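Examining the three-dimensional arrangement
Listed below are the residues making up each chain.
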Amino acid sequence: MNDEKRLEEIKKEDSKRKPLFYIILTIGCILGGLTGYIVASRQELIDAVFAFLRYNARISGIIFAAILIVFGLVMYVICLTRIISSKKLWAKEAERDDNWDKIEKDLCVTNTLTTASLITIYFLYGCVTYNLKTTLSTVKEGTVIQIAFNIAFCAGLIFMILYMFLFFGIQRKIIEQEKIMNPEKKGSLYDFRFSKKWYESFDEAERKQVGIASFKAYSIVNYTCLVTMVVLIFLGMACEITIVPYLVVSVIWLTQIIAFGVESRKVMGKF
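Definitions and limits used
- Residues numbered from 1 in each chain as written.
- Predicted model: local features only at pLDDT ≥ 70, side-chain atom pairs only at ≥ 80, totals over all residues.
- Heavy atoms only, no water.
- Axes fitted to C-alpha atoms, helices over the stretch in contact; angles between N-to-C directions.
- Helix = DSSP H or I, 4+ residues; strand = E, 2+ residues; numbered from the N terminus.
- Parallel < 35°, antiparallel > 145°, perpendicular 65-115°, else oblique.
- Left-handed = near helix turned anticlockwise from the far one by under 90°.
- Nonpolar A, V, L, I, M, F, W, Y, C, P; charged D, E, K, R; others polar.
- Core = buried A, V, L, I, M, F, W, Y, C linked by side-chain atoms within 4.5 Å.
- Buried < 20%, exposed > 50% of the residue type's maximum accessible area, 1.4 Å probe, protein only.
- Contact = heavy atoms within 4.5 Å.
- 1 Å grid on protein atoms, 1.4 Å probe; cavity = no way out; pocket = protein on both sides within 12 Å on 5 of 7 lines; lining within 4 Å.
- Points joined across faces, edges and corners; volume = space filled by probe spheres on them.
- Phe/Tyr/Trp six-rings, centres within 6.5 Å; stacked < 30°, edge-to-face > 60°.

Quick word on the packing of helix α3 (residues 57-91) against helix α4 (residues 96-128)
Interhelical geometry of α3 versus α4 gives an angle of 165° and a closest axis separation of 9 Å. Taken together, the axis directions place α3 and α4 in an arrangement best described as roughly antiparallel. Helix-helix and strand crossings are classified by hand; for α3 and α4 the assignment is left-handed. Of the residues assigned to the contact of α3 with α4, the class counts are 21 nonpolar, 8 polar and 4 charged.

Put into structure tokens, the structure is as follows:
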């Protein structure tokens, strides 16, 4: 097939998708304009929310600390229950072949839950310590709110560290179960090169699955970063959010794009 014929096919394929693309783009612009107008018209409400977070950081810190403790406990119980259930299924030797896929899926879901739980806990702890400098500079010793915040701050720190170890224990049990089910699997969570060694122990089918999942995740994160950046731009027009949110999203976005490009070059060199 010559280049001109192929180019015609490409243009034909593009022409089919072009109208829908521009329609969606136009709708997006209209919705963006409406969003900007709504944000601007609700300036007082938005300012009130930010003012509350800024000047009542102790109250919000107490609330988020309580959420952190309860959330972490609930998710730990859920994850622990799931791993115990998976081990019980594996213990039924006569039914292992029938239960194999279910156990693998349960372990995958449990691992995702543990990681998502830890990320959420870090977020909640960040909310506990939000605007800590202002909170400490406006301390009124002996007040009920200040004492409650001090307790909440310490509890939040202690439970965050505790949950880090507890969820790490769950992840270690998941890896142990995977190694028992798949003796060829290598790697220890105590090794900082665990991810590399674990991937190297995959067979071709597993690596293909990882590649498909990775590309889909790459696409989803791209869209997420785009939407987040647009939302932040509109929010920044109405509120003093500083440039830090833009910087954070940009760093994550650029890191993903550059890392994907670099790793793609490396992989192409191996084939």
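A word on the nonpolar core
Counting residues in hydrophobic clusters, the biggest one holds 19 residues, and the most contacted among them are L68, I103, L107, I121, F167 and I170. Elements supplying a minimum of two residues to this core: α3, α4 and α6 (144-181). Per-element tally for this core: the top contributor is α3, with 7 residues. The residues touching I170, leaving out its near neighbours within four places in the chain, are Y76, C79, L80, I83, T110 and T114.

Focus on the layout of surface pockets
Quantified by volume, the largest pocket comes out at close to 2300 Å³. Around the largest pocket, the lining comprises 45 residues; the ones closest to its centre are Y199, F202, V210, G211 and S214. For the lining of the largest pocket, the element with the highest residue contribution is helix α8 (residues 204-238), accounting for 13 residues. By residue class, the composition of the lining of the largest pocket is 19 nonpolar, 11 polar and 15 charged.

Observations regarding the packing of aromatic side chains
Inspection of every chain in the model, using the stated rule, returns 12 aromatic pairs. Judged by centre distance (4.0 Å) and plane angle (20°), the ring pair of Y218 and F260 falls under stacked. Of this pair, Y218 sits in helix α8 while F260 sits in helix α9 (residues 244-268), and the two are 42 residues apart along the sequence. Looking at Y218, the relative accessible area reads 17%, which means it is buried. Judged by its relative accessible area of 32%, F260 is partly exposed.

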